[in-house]
Amino acid sequence: PLRSQDGPEIECRTLADGPIAIENEIQGAQVVPSLCRLIEQESEYTGAFVVACYSDPGVLAARDVTDKPVIGICEAGLSTALNFGDRVGVLHNGVEDIIPAMRGARALGLDSRVVGGRSIDVPMARMDEQGLVLEQMTKAAHQLEDELHASVLVFGCAAMTPFRRSLEKECGLPVIDPAQAAVGMAITAVRCFSQN
């Protein structure tokens, strides 16, 4: 929905090397050199970059190799969510993702607004099982609302993007897709702040 004829071109790229998915700190660290190389190579031809992994791997390092905006989806998703509600809950693939994500929220100074996370208990390898994923998301969303009084939800994984509208209908809360939020910020950066 963010593509338009008069807007900046949106190009999706996948790193040629590194892990297929990032499910832990080691895998996140493995992508940093490749990510920085790609951004450095493309910087002359690109108005802004989005790193589409919720742990925002390499975002700070990438900002050192380009003068263009580098937007991580975690930071973008959480900052967007703040416009929709006071109590932000995050949906994660696995329970092991919750503690590192809360560390990230603290690092951003948002620990008083990010009330916690819940796991959908669906690994990356099974995210294409739409019925299972939506069922588990709905259950986790209700837990965030009932137990932690979340007023807005954020997806804790870029692979969750296709489920945003369906989950909003199921749970009745605003659902922020951080990948879309980050791309929206990138478009704004290119349109409003580009020096070209």
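Residues numbered from 1 in each chain as written. Predicted model: local features only at pLDDT ≥ 70, side-chain atom pairs only at ≥ 80, totals over all residues. Heavy atoms only, no water.

Peer 1: When you look at empty space enclosed by the protein in this model, what are you seeing that I'm missing?
Peer 2: Any empty space left between the atoms is revealed when a probe the size of a water molecule rolls over them. Under the defined criterion, the tally for this structure stands at one cavity of 30 Å³ or more. The space that makes up the largest cavity amounts to roughly 40 Å³. What lines the largest cavity is simply Tyr-54, Leu-78, Val-90, His-92, Ala-101, Met-102, Ala-105, Val-114, Gly-116 and Gly-117. Looking at the lining of the largest cavity, the elements that each hand over two or more residues are strand E3 (88-92), helix H4 (98-107) and strand E4 (114-119). By residue class, the composition of the lining of the largest cavity is seven nonpolar, three polar and no charged. (1 Å grid on protein atoms, 1.4 Å probe; cavity = no way out; pocket = protein on both sides within 12 Å on 5 of 7 lines; lining within 4 Å. Points joined across faces, edges and corners; volume = space filled by probe spheres on them. Helix = DSSP H or I, 4+ residues; strand = E, 2+ residues; numbered from the N terminus. Nonpolar A, V, L, I, M, F, W, Y, C, P; charged D, E, K, R; others polar.)

Peer 1: So what exactly am I meant to see when it comes to the packing of helix H5 (residues 130-148) against helix H6 (residues 164-171) here?
Peer 2: Helix-helix packing: each pair is described by the crossing angle between the helix axes and the interaxial distance. Orientation of H5 relative to H6, taken along the N-to-C sense of each, is 50°, at an axis distance of 10 Å. Put simply, H5 runs oblique to H6. Relative to H6, H5 is oriented so that their crossing is right-handed. Within the contact between the two elements, H5 uses Leu-134, Met-137, Thr-138, Ala-141, His-142 and Glu-145 and H6 uses Ser-166, Leu-167, Glu-170 and Cys-171. Looking at the contact of H5 with H6 residue by residue, the class counts come to five nonpolar, three polar and two charged. (Axes fitted to C-alpha atoms, helices over the stretch in contact; angles between N-to-C directions. Parallel < 35°, antiparallel > 145°, perpendicular 65-115°, else oblique. Left-handed = near helix turned anticlockwise from the far one by under 90°. Contact = heavy atoms within 4.5 Å.)

Peer 1: Even after reading the chapter, I still don't get the pairing of strand E5 (residues 152-155), so can you show me in this structure?
Peer 2: Strand residues, when the strand is regular, have side chains that alternate between the two faces of the sheet. Here E5 shows a buried face lined by Val-152 and Val-154 and a second buried face lined by Leu-153 and Phe-155. The pairing of E3 with E5 spans four bridges and is parallel. Along E5, the bridge assignment pairs Leu-91 with Phe-155. With two bridges joining them, E5 and strand E6 (residues 175-176) adopt parallel strand pairing. Pairing of Leu-153 across the sheet is with Val-175, part of E6. Following the backbone out of E5, through H6 and into the adjacent parallel E6, one traces a crossover that is right-handed. (Buried < 20%, exposed > 50% of the residue type's maximum accessible area, 1.4 Å probe, protein only. Pairing = 2+ DSSP bridges. Right-handed = clockwise from strand over helix to strand, strands pointing away.)

Peer 1: What should I look at first to understand the sheet that holds E4 in this one?
Peer 2: Backbone hydrogen bonds are what pair the strands of a sheet, in a parallel or an antiparallel way. With respect to topology, four strands assemble into an open sheet ordered E4-E3-E5-E6, the strand pairing being parallel. Because the sheet does not close on itself, it has two edges, and the strands there are E4 and E6. Where E3 meets E4, five bridges bridge the pair, whose relative direction is parallel. Bridged to His-92 within E4 is Ser-119. Taken strand by strand, helix H3 (residues 73-81) contacts E3, E4, E5 and E6, and its axis lies near 170° from that of E5.

Peer 1: Is there a simple way to explain the pattern of salt bridges in this structure?
Peer 2: Where charged atoms of side chains with opposite charge meet at close range, the side chains can pair. By the definition in use, this model includes nine salt bridges. Between Arg-191 and Asp-6 there is a salt bridge, and its shortest N-O distance comes to 3.5 Å. Of the two residues, Arg-191 is situated in helix H7 (residues 178-193) and Asp-6 in the segment before helix H1 (25-42); the sequence distance between them amounts to 185 residues. You can call Arg-191 partly exposed: its relative accessible area is 48%. Under the relative-accessibility criterion, Asp-6 is labelled exposed at 66%. In this structure, the salt-bridge partner of Arg-126 is Glu-129, at a minimum N-O distance of 2.9 Å. The class for Arg-126 is partly exposed, based on a relative accessible area of 38%. Sharing partners across several salt bridges, the network here consists of Glu-11, Arg-13 and Glu-42. (Salt bridge = Lys/Arg side-chain N within 4 Å of Asp/Glu carboxyl O.)

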